[in-house]
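Fold and geometry: a report
In case you want the letters, here they are:
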Amino acid sequence: MQSEIRKELLDAFTSAGDAFLSGQHLAEIIGCSRTAVWKHIEELRKEGFELEAVRNKGYRILKTPEKVTADEVRLGLTTNFIGRNIHYVESVESTQKIAHHYASENAPEGTVIIAEEQMSGRGRMARKWHSPKYTGIWMSMILRPNIPLSNAPQLTLLAAVAIVQAIEEMTDLIPEIKWPNDILINGKKVTGILTELQAEADRIHSIIIGIGINVNQKKEDFPLELQEIATSLFIEEGETLSRAELIRTIFKEFEKLYTLYLDQGFLPIKILWEGYAGSIGKFIKARTLNYTIEGKALGITNDGVLQLEDRTGTIHHIYSADIEI
Ligand code: BTN
């Protein structure tokens, strides 16, 4: 975990932009000695940051490492609570597992666990999630909303909207949401979201939102069985993206929507979600474990349940299924 001094140092560089910050000035705003500042600057260099040091001017950051360490994500972060507390791990079984641990240790709301790779990434319906090193975003966010248990799926839908908005902000791509919470580009999956709960009776202790985004993988980086159904932002856009910047943009969009949600409820989020959902108003096939229903997707309920109208006019409520458009 990042030390408070390191956090303040990176916030100071964020506010300064391209300007130099003198060692003396940094020591004053952070409230430590110049030697301590120097020690932290050296730590940043070891992590891969390139810092320019000019006599009588001070320091400025020239280049950041292509990793998603807490320091790298922190530099340029504008949120108030989402992503203010980051646990970074190079390699991990699943960030969900670590998030559950920190959630039960009272980690503050907005805490995020980020990994460079996952050895046993978990997907929905007990599927595996392919999470190779340095190419994607594999992270889990801890939330502590005061909402009834039945409303928890709303936060998965909120996360999907935030990610779509962040992708739109950073690329020319047009992502769409496939119910319940896959994000597709040109018909292939680029993002998956897995929401897990720690709750007791009807009280939520924490909601853990796991987000997996294929960012810089090339086609051959995907196992053969995924190559026709999965894609990455790099494959679709043709350019390498900064994962740290995408994470910051997601945090910003997520915090905005989450604050709106806590203030005004699910309706504004639902409207946005339906606007991004490719299937609403279209004829689709919903394959559940036991049967398949064909019909027109009318929208979602407040619990995130899909409403499907079949040819006889009967409206079905779909809780869990694979959708074919
Ligand atoms: C899906 O099946 O579509 C959901 C995939 C969710 C993957 C993310 S990656 C970060 C977090 N850790 C995990 O083990 N899974 C989620």
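Residues numbered from 1 in each chain as written. Predicted model: local features only at pLDDT ≥ 70, side-chain atom pairs only at ≥ 80, totals over all residues. Heavy atoms only, no water.

1. Focus: helix α9 (residues 267-276)
The condition is simple: Remark: exposure states derive from per-residue accessible area (1.4 Å probe, protein chains only) relative to the maximum for the residue type, with buried under 20%, exposed over 50%, and partly exposed in between. Secondary structure elements are taken from DSSP: a helix is a run of H or I of four residues or more, a strand is a run of E of two residues or more, and numbering for both begins at the N terminus. By definition in these notes, contact holds between two residues if any of their heavy atoms fall within 4.5 Å.
Among the residues of α9, P268, I269, K270, W273 and Y276 are the ones counted as buried. Buried residues belonging to α9 abut α6 (153-170), β6 (176-178), α8 (243-264) and β11 (292-300).

2. Here we look at the site of the ligand
Under the convention used in this document: For this description, a residue counts as near a given molecule or strand if any of its non-hydrogen atoms is within 4 Å of it. Residues adjacent in sequence count toward polar contacts only when both atoms are side-chain atoms; beyond that, a polar contact is any pair of N or O atoms within 3.5 Å, and within protein one must be able to donate a hydrogen and the other to accept it. Only the protein chains shown count as covering a residue, and every accessible area follows the Shrake-Rupley method with a 1.4 Å probe. As a working rule, the residues Ala, Val, Leu, Ile, Met, Phe, Trp, Tyr, Cys and Pro are called nonpolar, Asp, Glu, Lys and Arg charged, and the rest polar, with Gly in that last group.
Looking at the ligand, there are 20 residues lining it, with S94, Q118, R122, R124 and K189 nearest. Here an oxygen atom of the ligand and a backbone polar atom of R122 are 2.6 Å apart. For the ligand, whose unbound accessible area comes to 420 Å², protein coverage reaches 99%. Within the residue set of the shell around the ligand, elements represented by two or more residues are α5 (95-104), β5 (136-143), β8 (188-200) and β9 (203-214). Top element by residues in the shell around the ligand is β8. It accounts for four residues. Partitioning the shell around the ligand into residue classes produces six nonpolar, ten polar and four charged.

3. Quick word on the sheet that holds strand β12 (residues 306-309)
Rules: For two strands to pair, DSSP has to find at least two bridges joining them. Under this scheme, a helix contributes an axis fitted over its contacting stretch, all axes are lines through C-alpha atoms, and angles between N-to-C directions fall in the 0 to 180 degree range.
Here we have five strands laid out as an open sheet, ordered β13-β12-β11-β10-β14, and antiparallel in their pairing. Strands with a single pairing partner mark the edges of an open sheet, and in this sheet they are β13 (315-318) and β14 (322-324). Ignoring which end each strand starts from, the neighbouring axes of this sheet average 45° apart. Of the strand pairs in this sheet, β11 and β12 are connected by four bridges, and their pairing is antiparallel. For K296, the partnering residue across the bridge sits in β12 and is E309.

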